[in-house]
Protein chains: 2
Amino acid sequence: MEFRLIDRIRDRTALTREDVRLGIGDDAAVLAVPAGQQLAVAIDTLVEGVHFPHGTAPRDIGWKALAVNLSDLAAMGAVPAWALLALTVPHGDAAIVDGLAGGFGELARQHAVALVGGDTTRGPFCLSVAVHGFVPPGQAMTRSGARAGDALFVTGSLGSAAGGLQLLQGRVPFDANNEAHRTLRERLDRPTPRVRAGVALRGHASACIDVSDGLLADLGHICAASGVGAALDLDALPLSTALHGVFGGDVARELALTGGDDYELCFTVPPGSVDAMQAALAAVGAHATRIGAMVEGQGVRAIDGAPLAAMRMGWDHFGA
Amino acid sequence: MEFRLIDRIRDRTALTREDVRLGIGDDAAVLAVPAGQQLAVAIDTLVEGVHFPHGTAPRDIGWKALAVNLSDLAAMGAVPAWALLALTVPHGDAAIVDGLAGGFGELARQHAVALVGGDTTRGPFCLSVAVHGFVPPGQAMTRSGARAGDALFVTGSLGSAAGGLQLLQGRVPFDANNEAHRTLRERLDRPTPRVRAGVALRGHASACIDVSDGLLADLGHICAASGVGAALDLDALPLSTALHGVFGGDVARELALTGGDDYELCFTVPPGSVDAMQAALAAVGAHATRIGAMVEGQGVRAIDGAPLAAMRMGWDHFGA
């Protein structure tokens, strides 16, 4: 099975890169990291019924498995290059594999990511993707560089993916004829990794993380790693029109704070670098919203001191 | 869950490498490939009930998950450096995670492999490991370099892991007091990746593959990729004393031909390089047995022309 399936996947993700000296077909790929670059690597797993609902379209699963990994590279400011795919499926169903590979390949081509290796096995439906990107020495963004006084930003909008999940879970019944509903589902199923924004933020942001588990949880990681606190301006949280329209402001804000799967970038910027950062983002067609500031202390609070710690902190996959 | 479990794993696999500029704890690791080296990368998945039997000790699972990947690097002649671990477990059972991490770390320390990233999720029990190693430009061994007239070798002995599986499956009941039985189980549960042998073979072997699916299947990959055939000397197959003693010569030979999970290296050597190759292996305490030759044509046959193609070809995980 390994060889036939991996061939199907390779055919659907074909992409030539000069730095891939030996691709799929041997026991390992051989890759050349460009001079003057370091390697950023990450791995993430999607499990059916945990990270995507049963019945999700294979194309969307393939897209999302790569997207969540490219989002990790984006948070470091790395330029994506190569991916490995470990695919476990219950049956050697060619239509599922073709769909997965199609969605994976669609996003891979957008970022010139080459699939350089993989493994396909029989078992419960899950996928692990490992990605590799390039970043100049010393320029990777981390979670630990935030300082009190830094401004706090987030790209795009928050909560829409969680809104899409609410629709799936039937709290508001999903209506395929409702454009806002479709928009929210699209944000859940086909997240956009903020790759260009991440690269543009290098040299401007003092700390960065992608919002995969929810803003409060992920911002909390920056706080813990940097040894500072954060004061959030709840009224400034960027909410999509679709999210606000379907759920109203209060629920939308809660989803924006605690919902996972947004894959936006949350980052901090020293006050003197804010203008240059905004210009760098604008140059790549990205935008970010100022949502607060880093402060002395620890943990995340609202600027009026409201007890954000009492809210549900992110999407704990073991508690979900 | 992600953070607590990955911390447990990190604590049990701690190892410092100068080329790891940023390890576990950010969205991606940042790594420096040494000047003059290319990167060999591979990924492999183990699924409970498919790649290891239910009830296998967590320490053995952790060991094997890394071992099968290091074996892929060995087949390329790469020196292992870094690993990523994607772990999916049904419950956040600390004892299982500690066991896995312990076995993984035990083998990682033997080869100075640093765990640089990971992901832990809830779901059916499976692990994907991605490994990274170094190889000088142009020196990686592949499957495609074998030529007619090359001598054919395999390291160590074949069939013992398959013998261990037979004992587990009860065809011969496993007896824990039987030393030969224990030896065969050990070969199944704790394979030794032939890392030093692989590096020593660089510059001597014309093609190389690791024996994961069975000699006939894996040698068949060399034949297909190189466009040549192979003639096997069945009487020369290296069988362990334990395998021969438990199963007798005929069954032992069949297990050696078709059993998976040996993780020995099967490789070809131009006639003029055989002496130098043997010396290079001896210098690292490894040994290999000459088991035939590459010939014009295609596919694997016995030197007396016996129809090896009619035998079961390796361990197809979808047919198992």
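Per an unreviewed UniProt entry, chain A goes by the name Thiamine-monophosphate kinase and belongs to Frateuria flava. Its UniProt record gives chain A a comment under Sequence similarities (unreviewed entry), which states: "Belongs to the thiamine-monophosphate kinase family."

*Asks:* Could you give an account of empty space enclosed by the protein, naming the residues involved and the relevant values?
*Replies:* Evaluation of the coordinates by the stated rule reveals three cavities of 30 Å³ or more. By volume, the largest cavity is sized at about 50 Å³. Along the walls of the largest cavity sit A:Thr45, A:Ala86, A:Thr88, A:Cys126, A:Leu127, A:Ser128, B:Thr45, B:Ala86, B:Thr88, B:Cys126, B:Leu127 and B:Ser128, which together make up its complete lining. Of all the elements in the fold, those that place two or more residues in the lining of the largest cavity are strand E4 (79-89) and strand E6 (126-135) of chain A together with strand E4 (79-89) and strand E6 (126-135) of chain B.

*Asks:* Hey, could you go over the interface of chain A and chain B for me, with residue numbers and the actual values?
*Replies:* When the parts come together, some accessible area is lost, and that loss is often what is quoted as the size of the interface. Contacts between chain A and chain B engage 60 residues on the former and 61 residues on the latter. For the pairing of chain A and chain B, the buried interface totals around 4900 Å² over both sides, and the portion due to carbon and sulfur atoms is 60%. Viewed at the interface, chain B and chain A are joined by two salt bridges. B:Asp27 is the partner of A:Arg143 in a salt bridge, and the nearest nitrogen-oxygen pair spans 2.5 Å. Here chain A and chain B share 15 residue pairs in polar contact (both at pLDDT 80 or more) between them.

*Asks:* Could you give an account of the UniProt feature "binding site: Mg(2+) 1" (unreviewed entry) in chain A, naming the residues involved and the relevant values?
*Replies:* Within this structure's numbering, the places UniProt gives as "binding site: Mg(2+) 1" (unreviewed entry) are A:Asp44 and A:Asp119. Structurally, A:Asp44 is set in strand E3 (residues 38-47). Assessed through its relative accessible area of 16%, A:Asp44 is described here as buried. Residues contacting A:Asp44, with those up to four places away along its chain left out, are A:Val68, A:Asn69, A:Asp72, A:Leu127, A:Ser128, A:Val129 and B:Asp119. Residue position: A:Asp119 is located in strand E5 (residues 114-122).

*Asks:* Help me get a handle on the confidence of the model for chain A, residues and values and all.
*Replies:* Of all residues in chain A, 94% attain a pLDDT of 70 or more, and the chain-wide mean is 91. Scored below 50 in pLDDT, residues 312-320 of chain A shows 28 contacts in the model against residues more than four places distant or in partner chains.

*Asks:* Give me the packing of helix H2 (residues 58-76) of chain A against helix H3 (residues 94-110) of chain A: which residues, what numbers.
*Replies:* Residue and element names in this part refer to chain A. Orientation of H2 relative to H3, taken along the N-to-C sense of each, is 40°, at an axis distance of 6 Å. Considering the angle they form, H2 stands oblique to H3. Once H2 is placed against H3, the crossing between them reads as right-handed. Contact residues: H2 offers Pro58, Arg59, Ile61, Gly62, Trp63, Leu66, Ala67 and Leu70, while H3 offers Ile96, Gly99, Leu100, Gly102, Gly103, Phe104, Glu106, Leu107, Ala108 and Gln110. Its residues assigned to classes, the contact of H2 with H3 comprises 11 nonpolar, five polar and two charged.

*Asks:* Tell me what's going on with the sheet that holds strand E7 (residues 151-155) of chain B, and back it up with residues and numbers.
*Replies:* Residues and elements named next belong to chain B. An order of E8-E10-E7-E11-E9-E12 is seen for the six strands of this open sheet, with the pairing classed as mixed. Because the sheet does not close on itself, it has two edges, and the strands there are strand E8 (207-210) and strand E12 (299-302). On average, adjacent strands in this sheet sit at an angle of 25° to one another, irrespective of strand direction. Pairing of E7 with strand E11 (residues 288-295), which is carried by five bridges, proceeds in the antiparallel orientation.

*Asks:* How would you summarise the relation of the copies chain A and chain B if you had to cite specific residues and measurements?
*Replies:* The operation relating the pair of chain copies consists of a rotation about an axis and a translation along that axis. Between chain A and chain B, the superposition needs a rotation of 180° and an axial shift of 0.0 Å, giving an RMSD of 0.0 Å. Both copies are brought into coincidence by an operation consistent with a two-fold rotation axis. Of the residues that chain A buries at the interface, 100% are likewise interface residues in chain B, meaning the two copies contact each other through the same surface.

*Asks:* Go over the pattern of salt bridges, please, and point to the residues and values.
*Replies:* Scanning the entire structure with this criterion turns up 22 salt bridges over all chains. Notably, a salt bridge pairs A:Asp189 with A:Arg185, separated by 3.2 Å at the nearest N-O pair. With a gap of four residues between them, A:Asp189 and A:Arg185 both fall in helix H5 (residues 179-189), about one helical turn apart. The class of A:Asp189 is buried, set by a relative accessible area of 9%. One salt bridge connects B:Lys64 with B:Asp261, and the closest N-O pair in it is separated by 3.3 Å. Remark: B:Asp261 occurs in the loop between helix H8 (241-258) and strand E10 (265-269) and B:Lys64 occurs in helix H2 (residues 58-76); sequence separation between them is 197 residues. For B:Lys64, a relative accessible area of 4% gives the class buried.

*Asks:* Before we move on, can you summarise the UniProt feature "binding site: ATP" (unreviewed entry) in chain A with the specific residues and values?
*Replies:* Per the UniProt record, "binding site: ATP" (unreviewed entry) is found at A:Gly118, A:Asp119, A:Arg143 and A:Ser212. The largest pairwise C-alpha distance within this set of annotated residues, which runs over 95 residues, is 31.6 Å, so the set is dispersed in three dimensions.

*Asks:* Lay out helix H4 (residues 160-168) of chain A with the relevant residues and their values.
*Replies:* All names here are of chain A. H4 sits mainly inside the fold: eight of its nine residues count as buried. Buried residues along H4 sit in contact with H5 and helix H8 (241-258). Taken from the residues just after H4, glycine 170 is the one with a positive phi, measuring 85°.

*Asks:* Which residues make up the packing of aromatic side chains, and what values do they have?
*Replies:* Taken as a whole and judged by the stated rule, the model has six aromatic pairs over all chains. Between the aromatic rings of B:Trp82 and B:Phe134, the centroid separation amounts to 5.2 Å while the plane-to-plane angle is 85°, which identifies the pairing as edge-to-face. You can see B:Trp82 sitting in strand E4 and its partner B:Phe134 sitting in strand E6, a full 52 residues away along the chain. Judged by relative accessible area, B:Phe134 falls into the buried class, the value being 8%. The positively charged end of A:Arg185 is found above the aromatic ring belonging to A:Phe174, 5.0 Å away from the centroid.

*Asks:* Go over the domain arrangement of chain A with me, naming the residues and quoting the values.
*Replies:* Residue and element names in this part refer to chain A. Once the domains are mapped, chain A shows domain 1 (2-135) and domain 2 (151-310). The C-alpha-based centres of domain 1 and domain 2 are spaced at 26 Å. With 22 residues of domain 1 in contact, the opposing surface of domain 2 contributes 18 residues. Each partner contributes to the roughly 1700 Å² buried at the junction of domain 1 and domain 2, and carbon and sulfur atoms together form 58% of this total. At the boundary of domain 1 and domain 2, one finds three salt bridges. Across the salt bridge formed by arginine 190 and aspartate 60, the nearest N and O atoms sit 2.7 Å from each other. Connecting domain 1 to domain 2 are seven residue pairs in polar contact (both at pLDDT 80 or more).

*Asks:* So what's going on with the packing of H5(A) against H8(A)? Residues and values would help.
*Replies:* Residue and element names in this part refer to chain A. At a closest axis distance of 9 Å, the pairing of H5 and H8 adopts a crossing angle of 120°. Our pair here, H5 against H8, has a crossing hand that is left-handed. Of the residues in H8, those in contact with Ala180, His181, Thr183 and Leu184 of H5 are Ala242, Leu243, Val246 and Phe247. Taken together, the residues of the contact of H5 with H8 sort by class into six nonpolar, two polar and no charged.

Cut-offs and rules
Residues numbered from 1 in each chain as written. Chains lettered and ligands numbered in written order. Predicted model: local features only at pLDDT ≥ 70, side-chain atom pairs only at ≥ 80, totals over all residues. Heavy atoms only, no water. UniProt positions renumbered as here; feature names shortened; annotations may be inferred. 1 Å grid on protein atoms, 1.4 Å probe; cavity = no way out; pocket = protein on both sides within 12 Å on 5 of 7 lines; lining within 4 Å. Points joined across faces, edges and corners; volume = space filled by probe spheres on them. Helix = DSSP H or I, 4+ residues; strand = E, 2+ residues; numbered from the N terminus. Contact = heavy atoms within 4.5 Å. Buried area = accessible area lost by both parts, 1.4 Å probe. Salt bridge = Lys/Arg side-chain N within 4 Å of Asp/Glu carboxyl O. Polar contact = N/O pair within 3.5 Å; in protein donor to acceptor, adjacent residues only side chain to side chain. Buried < 20%, exposed > 50% of the residue type's maximum accessible area, 1.4 Å probe, protein only. pLDDT = per-residue confidence, 0-100. Axes fitted to C-alpha atoms, helices over the stretch in contact; angles between N-to-C directions. Parallel < 35°, antiparallel > 145°, perpendicular 65-115°, else oblique. Left-handed = near helix turned anticlockwise from the far one by under 90°. Nonpolar A, V, L, I, M, F, W, Y, C, P; charged D, E, K, R; others polar. Pairing = 2+ DSSP bridges. Least-squares fit on C-alpha atoms with pLDDT ≥ 70 in both. Phe/Tyr/Trp six-rings, centres within 6.5 Å; stacked < 30°, edge-to-face > 60°. Lys NZ or Arg CZ within 6 Å of the ring centre and 35° of its normal. Domains from an automatic or database assignment.

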